[in-house]
Amino acid sequence: MISVPAMRLRQFGVTLYQAMLGAKDVDRLVRFEVLGYQTGTPTASTKRKKGKGPRVNWELLEKRIAESPEAYQRPVIRKKIGELVEYYAQCAETGNLPAIPGAVLLVADQRLDFTPTSTHRVLGVLQIPAQEGMLRALDGQHRLLALHQMIADGRGDDVQVPAVIFDGLAPDQVVELFVTINAKHTKLNPSHLISLAGRRLYPDAALAAGHDIIRTLNEHADSPLHGEIKLFGVGRGRVAQAPLAEELKQIFTALDALGGSQSARFREIAPRFFLNYFKAVAGVFPKAWVGRKYSIKTATALRAFLRVVPDVLRAVRDESSDPADARAIARVLARWGELVGDARFDTEGEWRSKQAGGTRGTVELLVRELRNALR
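### Points about the packing of helix α11 (residues 299-307) against helix α12 (residues 309-319)
Logical step 1: Where α11 meets α12, the axes come as close as 5 Å, and the angle between the chain directions of the two elements is 40°. Taken together, the axes of α11 and α12 are oblique relative to one another. Along its contact with α11, which presents F305, L306 and R307, the element α12 presents V309, P310 and D311.
Logical step 2: Tallied by class, the residues present in the contact of α11 with α12 amount to four nonpolar, no polar and two charged.

Shown next as structure tokens:
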């Protein structure tokens, strides 16, 4: 058991503690969990230039980070950790600035014991079980991971970390607090919010289904959009997750409004349908899909392809009992190759000439062309 001086605060029925933890205690007690998607850990842009700043042992740090689809933290940003490690080193050398002046937010998985030591019962001693991973980082994970590197280098022994500790929050409250902090103060990427909204923050079935589809398109080895989508706003992808998720939500909302078993059935096969659908799109526009001078894989074009999905589904159902039938989808979309063509997506040609008053107008124009070509 670790005993630390603390203040007990109450806010609208919620109890929290302000405490000062030693760096080594923080390093042992805090565990780090991130949403388990590899898109958040770029490596190419984080290599240390020769002679520039302290060395960061990424293998050491990554051993501290668990990946879980049930987590709420965004993938770790290596560049940010590298900058913090460099800043901490400067603080240690100059001795005139604190490395972590602001409190980190931590969540305990179980109730903690607090013993008041003052008459007004605010000041006291907080008892924290001395087991590894007892606390989770709610806010400040990059600061604490950088501190882990400093401790490994033997330079963090005399560091104390101000912390705010919560011990009575339900899982959904923890996620809501995380979203509130990041959405209101540090501008959490909208794509990250889409993922949390669908699975963790509140039960939005349409967003959840859309998120599953986007993951399939971005992570499936056979997907034409493999690695092209920025999940949580990070990674190598070129297209943000959020606008695609909104288009998918509209598709599911419209199908749900129709009711019946058709909507439920489509939700089950949706990842397979969209994988086959974009394979067919890539096959219909082969030159544009692989060419560098085409805008077919921009958010604008992909939104248009998603918006005509209800029309494609109707046409596919007329040809096949299985809406996800790859051959039926390819036969339906073959008309696009004849009536729309690769040239429609030539960035310096027809694509530019058909810009229609911003993204919304451009999407709608392309949607009309794709719909007409299906008739």
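### Side note on the nonpolar core
Logical step 1: Among the nonpolar cores identified, the biggest contains 57 residues, and F274, Y277, F278, F305, L333, W336 and F345 are the most heavily contacted of them.
Logical step 2: For this core, the secondary-structure elements that each account for two or more residues are α7 (205-219), α8 (241-258), α9 (261-284), α10 (286-290), α11, α12, α13 (326-339) and α15 (359-374).

### Things to note about the pattern of salt bridges
Logical step 1: In the structure shown here, the tally under the stated rule is 19 salt bridges.
Logical step 2: We note a salt bridge from E247 to R307, for which the minimum N-O separation is 2.4 Å. Remark: R307 occurs in helix α11 and E247 occurs in helix α8; sequence separation between them is 60 residues. One exposure class covers both E247 and R307, and it is buried.

### Considerations on the packing of aromatic side chains
Logical step 1: In this structure the tally under the stated criterion is 14 aromatic pairs.
Logical step 2: Plain terms: the ring middles of Y17 and F114 are 5.5 Å apart, the flat faces sit at 35° to each other, and that makes the pair tilted. Remark: F114 occurs in strand β6 (residues 113-116) and Y17 occurs in strand β2 (residues 14-22); sequence separation between them is 97 residues.
Logical step 3: Between F285 and F345 the ring centres are 5.1 Å apart and the planes differ by 70°, which places this aromatic pair in the edge-to-face class. Of this pair, F285 sits in the loop between α9 and α10 while F345 is found in the loop between α13 and α14 (350-353), placing the two residues 60 residues apart along the sequence.
Logical step 4: F285 sits in the buried class, given a relative accessible area of 0%.
Logical step 5: Of the aromatic side chains, those joined through ring pairs into one cluster are F252, F266, F273, F274, Y277, F278, F285, F305, W336, F345 and W351.

Cut-off values and rules
- Residues numbered from 1 in each chain as written.
- Predicted model: local features only at pLDDT ≥ 70, side-chain atom pairs only at ≥ 80, totals over all residues.
- Heavy atoms only, no water.
- Axes fitted to C-alpha atoms, helices over the stretch in contact; angles between N-to-C directions.
- Helix = DSSP H or I, 4+ residues; strand = E, 2+ residues; numbered from the N terminus.
- Parallel < 35°, antiparallel > 145°, perpendicular 65-115°, else oblique.
- Contact = heavy atoms within 4.5 Å.
- Nonpolar A, V, L, I, M, F, W, Y, C, P; charged D, E, K, R; others polar.
- Core = buried A, V, L, I, M, F, W, Y, C linked by side-chain atoms within 4.5 Å.
- Buried < 20%, exposed > 50% of the residue type's maximum accessible area, 1.4 Å probe, protein only.
- Salt bridge = Lys/Arg side-chain N within 4 Å of Asp/Glu carboxyl O.
- Phe/Tyr/Trp six-rings, centres within 6.5 Å; stacked < 30°, edge-to-face > 60°.

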